[in-house]
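One-letter residues, chain by chain:
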Amino acid sequence: MDNPAAWWVLAGLFVAMELFTGTFYLLMLALGAAAAAVAAHLGLAPTLHWAVFALVGGVAVVVLYAARRRWGRRTADDLRHDHLDLGATVEVTAWSADGTTRVAYRGSDWSARPARRGPLYLGPHRIAGQDGNVLLVEPLPTAGAVPCPVPPGQQAA
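This text gives an overview of the structure that appears in the document. (Residues numbered from 1 in each chain as written. Predicted model: local features only at pLDDT ≥ 70, side-chain atom pairs only at ≥ 80, totals over all residues. Heavy atoms only, no water.)

### Observations concerning the overall build of the protein
In terms of helices and strands, the protein carries four helices and six strands. Mapped from its N terminus to its C terminus, the protein presents α and β elements in the order α-α-α-α-β-β-β-β-β-β. Residue burial in the protein is summarised as follows: out of 157 residues, 27% are buried. In the protein, of all internal contacts separated by at least 6 residues, the share reaching a separation of at least 24 is 49%. As displayed, the protein has an accessible area near 10,200 Å², and 64% of this comes from carbon and sulfur atoms. (Helix = DSSP H or I, 4+ residues; strand = E, 2+ residues; numbered from the N terminus. Buried < 20%, exposed > 50% of the residue type's maximum accessible area, 1.4 Å probe, protein only. Contact = heavy atoms within 4.5 Å. Areas by Shrake-Rupley, 256 points an atom, 1.4 Å probe, with all protein chains shown as cover.)

Given below as structure tokens:
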């Protein structure tokens, strides 16, 4: 491929494939194809275009892989900063038959369900996680925790 336009088209195809798959590695190959297009614009031999594509794209892929391995690990502290709702308290006044409830939090009603299997309690609960827009709650260890009667159609755990 000694035509720079062909390299630009290949770079565009890599970007389009990345949009469908969501992998950044295809963007690194698009970077290599763009570098090969620049090499073609400079009038280098077609074998050098391929060498530039392989070198730039390959190095970019290796650098991305190494960066993800090194900085990709997230600690519990990082997750806590991403989910500011973790640890907040909500008041559970009733449980429905399907094991969910509605709680008032941040000025609106939220759906919530227990974070773990076990008996359902009324009273204050801590937000332990989130599943989409459903809060995962667990009861706070309080002396006066009131177990909720088993709703109809649900077996006791």
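### Focus: the packing of helix 1 (residues 4-21) against helix 2 (residues 25-41)
In contact at an axis separation of 8 Å, helix 1 and helix 2 are set at 170 degrees when each is read in the N-to-C sense. With respect to helix 2, the element helix 1 is oriented roughly antiparallel. Contacts from Pro4, Trp7, Trp8, Leu10, Ala11, Phe14, Val15, Met17, Glu18 and Thr21 of helix 1 reach helix 2 at Leu26, Leu27, Leu29, Ala30, Ala33, Ala34, Ala36, Ala37, Val38, Ala40 and His41. Grouping the amino acids of the contact of helix 1 with helix 2 by side-chain chemistry returns 18 nonpolar, two polar and one charged. (Axes fitted to C-alpha atoms, helices over the stretch in contact; angles between N-to-C directions. Parallel < 35°, antiparallel > 145°, perpendicular 65-115°, else oblique. Nonpolar A, V, L, I, M, F, W, Y, C, P; charged D, E, K, R; others polar.)

### As for the environment of Pro119
Of note, Pro119 is situated in the loop between strand 3 (108-114) and strand 4 (121-131). C-alpha of Pro119 to C-alpha of Pro139: the two residues are 20 residues apart in sequence and 9.9 Å apart in space.

### Considerations on the side chain of His49
Here His49 is to be found in helix 3 (residues 46-71). Note on His49: relative accessible area 1%, which makes it buried. Among the polar contacts listed, one links the side chain of His49 to the backbone oxygen of Leu44, at a separation of 2.7 Å. Discounting residues that sit within four places of it in the chain, His49 has contacts with Met1, Asp2, Trp7, Ala36, Ala39, Ala40 and Leu44. (Polar contact = N/O pair within 3.5 Å; in protein donor to acceptor, adjacent residues only side chain to side chain.)

### A short note on the pairing of strand 3
Here strand 2 (residues 101-105) pairs with strand 3 via five bridges, running antiparallel. Bridge assignment links Val103 to a residue of strand 3, and that residue is Trp110. (Pairing = 2+ DSSP bridges.)

### Regarding the pairing of strand 1 (residues 89-92)
Side chains Val90 and Val92 of strand 1 all project onto a buried face; the interleaved residues Thr89 and Glu91 project onto a face where none is buried. Relative to strand 4, strand 1 is paired through four bridges, and the arrangement is antiparallel. Each residue of the ladder has a partner; that of Thr89, found in strand 4, is Arg126.

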